[in-house]
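Each chain, letter by letter, is given below.
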Amino acid sequence: MRVRSVSEANPRSSLLVHSKPVQSPENPGNGKVSKHSGPEHRPAQIIMMKSPSTLIRSIYPTVGVISVSSPVPNIRKLQTDVAALRHDGFTVFAGEHVYGRARDTAGSVSQRLSDVVHLVKKKKVQLLMCGYGGAYTIQLVEHFPYDLIKKREILISGFSDNTSLLVAVTALTGMPTFYGPTVWYWSKLTRISRTLLHR
């Protein structure tokens, strides 16, 4: 059975996953597909994950920081991480309510959604990075501007509580999303992690 790469499903995501020919055991290193690998590929050996930053830095260098969940516990800490992103070569815009608090969330549903729309329409960001996790991202899933995200081909990165939004975006738009670090953890990346992310 042939394994379908992400690049075939969505050309804009071709830097995320690509196929690598399986070398023939009779002549290692010749780059030919082995007759023992099935019709075309041996699935376990053809998928190579490429770092999201390959796509972020070369094609999507403008980042919008959004808070879709809980308020950040330390504003200065998040400001440090935003500065670290800029230091690493990204153009960064932060949503108006990134540092906000409305009881247990970073803002009302309309406030958190307005940051997304503003960053995409006004600031022309190409990647939305969740600033922090926590809880309550699920409140946005029903009202998220999926049509706008699909039209502008915006990528979104986050994890933990943000995962519900990532799944919804991919399911409803077909756009790839990054299950990766939020901005909150950017300055905590180890030297090895940074090296891998910047390849």
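Every value quoted in this text rests on a predicted model; they were computed, and no experiment measured them.

**Some remarks on the overall build of the chain**
Then, in step 1: Along the backbone of the chain there are 9 helices and 7 strands.
Then, in step 2: Expressed as a percentage of the 199 residues in the chain, the buried residues total 44%.
Then, in step 3: Once local pairs closer than 6 in sequence are excluded, the contacts in the chain between residues at least 24 apart make up 72%.
Then, in step 4: Entry remark: accessible area of the chain is about 10600 Å², with carbon and sulfur atoms responsible for 55%.

**Let's talk about the packing of aromatic side chains**
Then, in step 1: By the definition in use, this model includes 5 aromatic pairs.
Then, in step 2: Consider the rings of Phe 159 and Tyr 179, whose centres lie 6.2 Å apart with planes at 85°: the pair is edge-to-face. One end of the pair, Phe 159, is in the loop between strand S6 (155–158) and helix H8 (163–173); the other, Tyr 179, is in strand S7 (residues 178–179), with 20 residues separating them in the sequence.
Then, in step 3: On the basis of relative accessible area, Phe 159 is assigned to the partly exposed category, the value being 26%.
Then, in step 4: Look at Phe 159 and Tyr 185: their rings are 5.8 Å apart centre to centre, the planes differ by 55°, and that puts the pair in the tilted class.

**Some points on the nonpolar core**
Then, in step 1: Ranked by size, the top nonpolar core spans 21 residues in total, and within it Ile 66, Val 120, Leu 128, Phe 144, Ile 149 and Val 169 carry the most contacts.
Then, in step 2: For this core, the elements supplying multiple residues, two or more each, are helix H5 (109–121), strand S5 (127–130), helix H6 (138–141), helix H7 (146–152) and H8.
Then, in step 3: Leaving out residues up to four positions away in the same chain, Ile 66 has contacts with Val 98, Val 116, Leu 119, Leu 128, Met 129, Cys 130 and Gly 131.
Then, in step 4: Residues Leu 85, Met 129, Met 175 and Trp 184 belong to the second largest nonpolar core, which totals 19 residues.

**A look at the side chain of Thr 137**
Then, in step 1: Along the chain, the position of Thr 137 falls in the loop between S5 and H6.
Then, in step 2: Beyond its immediate sequence surroundings of up to four residues, Thr 137 is in contact with Val 68, Ser 69, Asp 161, Asn 162, Ser 164 and Leu 165.

**What about the pairing of S6?**
Then, in step 1: Burial of the side chains of S6 extends over both faces: Leu 155 and Ser 157 are buried on one face and Ile 156 and Gly 158 on the other.
Then, in step 2: Two elements, S5 and S6, share 3 bridges in a ladder whose sense is parallel. Residue pairing for S6: Leu 128 is matched across the bridge by Ile 156.
Then, in step 3: Summarising the sheet, S6 and S7 pair through 2 bridges and their orientation is parallel. What sits directly across from Gly 158, in S7, is Tyr 179.
Then, in step 4: The parallel pair S6 and S7 is bridged by H8, and the resulting crossover is right-handed.

**Description of unusual backbone geometry**
Then, in step 1: Unusually for a residue other than glycine, Lys 124 sits at a positive phi of about 60°.
Then, in step 2: The phi dihedral of Ser 160 falls on the positive side, at around 60°, and the residue is not glycine.
Then, in step 3: By secondary structure assignment, the location of Ser 160 is in the loop between S6 and H8.

**What to know about the confidence of the model for the chain**
Then, in step 1: Chain-level pLDDT for the chain is 75 on average; 65% of the residues reach the 70-or-more range.
Then, in step 2: Residue range residues 1–50 is modelled with pLDDT below 50. Its contacts to residues more than four positions away, or to other chains, number 72 contacts.

**Describing H5**
Then, in step 1: In this model H5 runs 18 Å from its N-terminal to its C-terminal C-alpha over 13 residues, within 8% of the 18 Å that 1.5 Å per residue would give.
Then, in step 2: For H5, the complete set of buried residues consists of Arg 112, Leu 113, Asp 115, Val 116, Leu 119 and Val 120. Buried positions in H5, seen along its axis, are confined to an arc of 145° and lie on one side of it.
Then, in step 3: Here the buried face of H5 lies against strand S3 (62–66), strand S4 (91–94), S5, H6 and H7.

Rules behind the numbers
- Residues numbered from 1 in each chain as written.
- Predicted model: local features only at pLDDT ≥ 70, side-chain atom pairs only at ≥ 80, totals over all residues.
- Heavy atoms only, no water.
- Helix = DSSP H or I, 4+ residues; strand = E, 2+ residues; numbered from the N terminus.
- Buried < 20%, exposed > 50% of the residue type's maximum accessible area, 1.4 Å probe, protein only.
- Contact = heavy atoms within 4.5 Å.
- Areas by Shrake-Rupley, 256 points an atom, 1.4 Å probe, with all protein chains shown as cover.
- Phe/Tyr/Trp six-rings, centres within 6.5 Å; stacked < 30°, edge-to-face > 60°.
- Core = buried A, V, L, I, M, F, W, Y, C linked by side-chain atoms within 4.5 Å.
- Pairing = 2+ DSSP bridges.
- Right-handed = clockwise from strand over helix to strand, strands pointing away.
- pLDDT = per-residue confidence, 0-100.
- Expected span 1.5 Å × (residues − 1).
- Arc of directions from axis to C-beta.

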